[in-house]
Amino acid sequence: MSTSRFISGSVAALAELAQSGDVGFLTQFLILKAHLAYLLHDRQAALQLVDQARPGLSSITAFFAYSRFLALDALIVLDCWDQAERDQRRRLLRQAQADLRRLRGWARQAPMNHEHEVKLIQAELARVQGRSAEAAEHYSAAIQLCQEHGWASDVPLAAERAARFYLASGQDDRAREHLHLARAGYLRWQAMAVVQHFDRVYADWLPERATADDDSYEHLPTAAEVAPAVLPRPDLGALLKAA
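Residues numbered from 1 in each chain as written. Predicted model: local features only at pLDDT ≥ 70, side-chain atom pairs only at ≥ 80, totals over all residues. Heavy atoms only, no water.

*Asks:* Could you give an account of the side chain of D73, with specific residues and numbers?
*Replies:* Within the secondary structure layout, D73 lies in helix α5 (residues 64-79). For D73, a relative accessible area of 0% puts it in the buried group. Here R54 takes part through its side chain, which lies 3.2 Å from a polar atom of the side chain of D73. (Helix = DSSP H or I, 4+ residues; strand = E, 2+ residues; numbered from the N terminus. Buried < 20%, exposed > 50% of the residue type's maximum accessible area, 1.4 Å probe, protein only. Polar contact = N/O pair within 3.5 Å; in protein donor to acceptor, adjacent residues only side chain to side chain.)

*Asks:* Before we move on, can you summarise the nonpolar core with the specific residues and values?
*Replies:* Ranked by internal contacts, the top residues of the largest apolar core, which has 70 residues, are I76, I121 and Y186. Sort the elements by how many residues they give to this core and α5 lands first, with 11 residues. Aside from chain neighbours lying at most four places away, what touches I121 is A71, A74, L75, L78, L100 and L103. (Core = buried A, V, L, I, M, F, W, Y, C linked by side-chain atoms within 4.5 Å. Contact = heavy atoms within 4.5 Å.)

*Asks:* Could you give an account of the packing of helix α10 (residues 172-188) against helix α11 (residues 192-201), naming the residues involved and the relevant values?
*Replies:* Contact pair α10 / α11: the axes reach a minimum separation of 8 Å and the direction vectors enclose 155°. Between α10 and α11, the angle falls in the class roughly antiparallel. The two elements α10 and α11 cross, and the hand of that crossing is left-handed. Counting all contacts with α10, which are made through L179, A182, R183, Y186 and L187, the residues of α11 involved are M192, V194, V195, F198 and D199. Classifying every residue of the contact of α10 with α11 gives eight nonpolar, no polar and two charged. (Axes fitted to C-alpha atoms, helices over the stretch in contact; angles between N-to-C directions. Parallel < 35°, antiparallel > 145°, perpendicular 65-115°, else oblique. Left-handed = near helix turned anticlockwise from the far one by under 90°. Nonpolar A, V, L, I, M, F, W, Y, C, P; charged D, E, K, R; others polar.)

*Asks:* I'd like to hear about the pattern of salt bridges, residue by residue, with values.
*Replies:* The full count for this structure, using the stated rule, is 12 salt bridges. Between D79 and R161 there is a salt bridge, with the nearest N and O atoms lying 2.9 Å from each other. Placement of the pair is D79 in helix α5 and R161 in helix α9 (residues 155-168), with a sequence separation of 82 residues. Residue D79 is classed as buried on the basis of its relative accessible area, which comes to 6%. Two residues, D82 and R127, come together in a salt bridge whose shortest N-O distance is 3.5 Å. Here R127 lies in helix α7 (residues 111-128) and D82 lies in the loop between α5 and α6 (86-109), a separation of 45 residues in the sequence. Look at the salt bridges and you will find they share partners, linking R43, D79, D82, E124, R127 and R161 into a network. (Salt bridge = Lys/Arg side-chain N within 4 Å of Asp/Glu carboxyl O.)

Below is the structure:
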């Protein structure tokens, strides 16, 4: 199922949430869907969903989901950088920098929960601004912090962003190393829709995976076990496996 079909298929669920009057729950649901669209490289859907979530942010500012929004919003707009016009790039850069400033406030209070997100955004900022050595350092730090602080669900995201950076830089060996790390992380998370998409996108760099039939995920921890604990919300792992 394509991302757009998956997103449009949830219209009824979104309408039901909107009618319930629970703005906070609806906002978190939209953030989760934006996360999925980002993982599946659907930039337009991801942008649309974070914009839809934005009006409800005041209802979740005290919750972990708010900091997640800041990180995701910055990553999405920076992912759109290469395809953006010059005037759009200035706006995207300002938006990402504003998200980063707010996220640093959270990181000062709980570095074990947010410093890896700060490093990943710094890596992406350095990438779009042509500071390659700095970008590589921040990608490495983001992955290391994820591993040190138990953010297993964020390791593959950081590793994939690093891999794309290395592919663009012509460093194929380093790219493959990070692609393997990312794929293993998505598989451990049981994000099977993402794994299948991953294998299609990176078939030229991971040819042994292009036709692989992986069933070992059945014996690995579930998404609920490795994903960050937040307030009751839609299960991203279930969304990913259902797509």
